[in-house]
Amino acid sequence: MQFRRQSQEQDGVNLTPLIDVVFLLLIFFMVSTTFTKESHLKLNLPEASGPKAEAPPSTVEILINADGSYSVDGRALINKKLATLKSALSEVSAGEYNRPLIITADATAEHQAVVRAMDAAGQLGFVHLSITTRQPGEQ
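I will try to describe carefully the structure that is included in this document. (Residues numbered from 1 in each chain as written. Predicted model: local features only at pLDDT ≥ 70, side-chain atom pairs only at ≥ 80, totals over all residues. Heavy atoms only, no water.)

1. Thoughts on the side chain of D106
Tracing the backbone through its elements, the reader meets D106 in the loop between β4 (101-105) and α3 (111-124). Separated by 2.6 Å, the side chains of D106 and T108 make a polar contact. (Helix = DSSP H or I, 4+ residues; strand = E, 2+ residues; numbered from the N terminus. Polar contact = N/O pair within 3.5 Å; in protein donor to acceptor, adjacent residues only side chain to side chain.)

Spelled out as structure tokens, the structure:
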């Protein structure tokens, strides 16, 4: 005669639902978190001697990186096209083209990138244009 042994249930806590809940919370927090990408450009400015000029408080600033990418008032542009730069300048200036415009370009940036920025400013009607430099010997 063969007797079957009765299977005994193990006494313990089933961790599967707990792990599922933890993974769902992890996914929820990852999706709901906002990621901000701040653009910090490291610029190597060209040198020029002369007195420093104070910038008026309501200026528009174009930053040009060494690779020729643009940033208008701290917001990086998606490409290097003239139309994109003009639309960003129009948006930032809100039609006030008499505001001073400051172009800050890396010393190793292509000349074409600076000329493109000046061209966009000229086409929109900016008349107060200045280019940022640094004193010789500054780092």
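The rest of the description comes next.
2. Considerations on the pairing of β4
Summarising burial for β4: five of the five residues are buried, a large majority. Alternating positions in β4 separate into two faces, L101, I103 and A105 on one and I102 and T104 on the other, with burial throughout. Pairing analysis gives five bridges linking strand β1 (residues 60-64) to β4, with the strands arranged parallel. Considered in β4, the bridge of V60 is made with L101. In this sheet, strand β5 (residues 129-131) lies alongside β4 in parallel orientation, the contact comprising three bridges. By the bridge assignment for β5, L101 is matched with L129. (Buried < 20%, exposed > 50% of the residue type's maximum accessible area, 1.4 Å probe, protein only. Pairing = 2+ DSSP bridges.)

3. Let's talk about helix α2 (residues 82-93)
If you check α2, its first and last C-alpha atoms are 16 Å apart, about what 12 residues at 1.5 Å a residue would give, namely 16 Å. Of the residues making up α2, those classed as buried are T84, L85, A88, L89, V92 and S93. Across the axial projection of α2, the buried residues extend over an arc of 150°, all falling on one side. When the buried face of α2 is taken as reference, the exposed residues oriented beyond 90 degrees from it are A83 and E91. (Expected span 1.5 Å × (residues − 1). Arc of directions from axis to C-beta.)

4. Structural notes on the pattern of salt bridges
Tallied over the entire structure, the rule returns one salt bridge. Here R75 and E91 are joined by a salt bridge, their closest N and O atoms 3.0 Å apart. Pair noted here: R75 is in strand β3 (residues 75-76) and E91 is in helix α2, with a separation of 16 residues, a long-range link. (Salt bridge = Lys/Arg side-chain N within 4 Å of Asp/Glu carboxyl O.)

5. Looking at the sheet that holds β3
Taken in spatial order, the five strands of this open sheet run β3-β2-β1-β4-β5, and their pairing is mixed. Edge positions in the sheet fall to β3 and β5, since each of these pairs with one other strand and no more. Examined bridge by bridge, strand β2 (residues 70-72) and β3 share two bridges and lie antiparallel to one another. Bridged to V72 within β3 is R75.

6. So, the packing of α2 against α3
One can describe the packing of α2 onto α3 by two numbers: an axis separation of 9 Å at closest approach and a directional angle of 55°. Looking at the two axes, α2 sits oblique to α3. Between α2 and α3 the crossing geometry is right-handed. Here α2 contributes L82, L85, K86, L89 and S90 to the contact with α3, which in turn contributes R116, A117, D119, A120, A121, Q123 and L124. Tallied by class, residues from the contact of α2 with α3 come to seven nonpolar, two polar and three charged. (Axes fitted to C-alpha atoms, helices over the stretch in contact; angles between N-to-C directions. Parallel < 35°, antiparallel > 145°, perpendicular 65-115°, else oblique. Left-handed = near helix turned anticlockwise from the far one by under 90°. Contact = heavy atoms within 4.5 Å. Nonpolar A, V, L, I, M, F, W, Y, C, P; charged D, E, K, R; others polar.)

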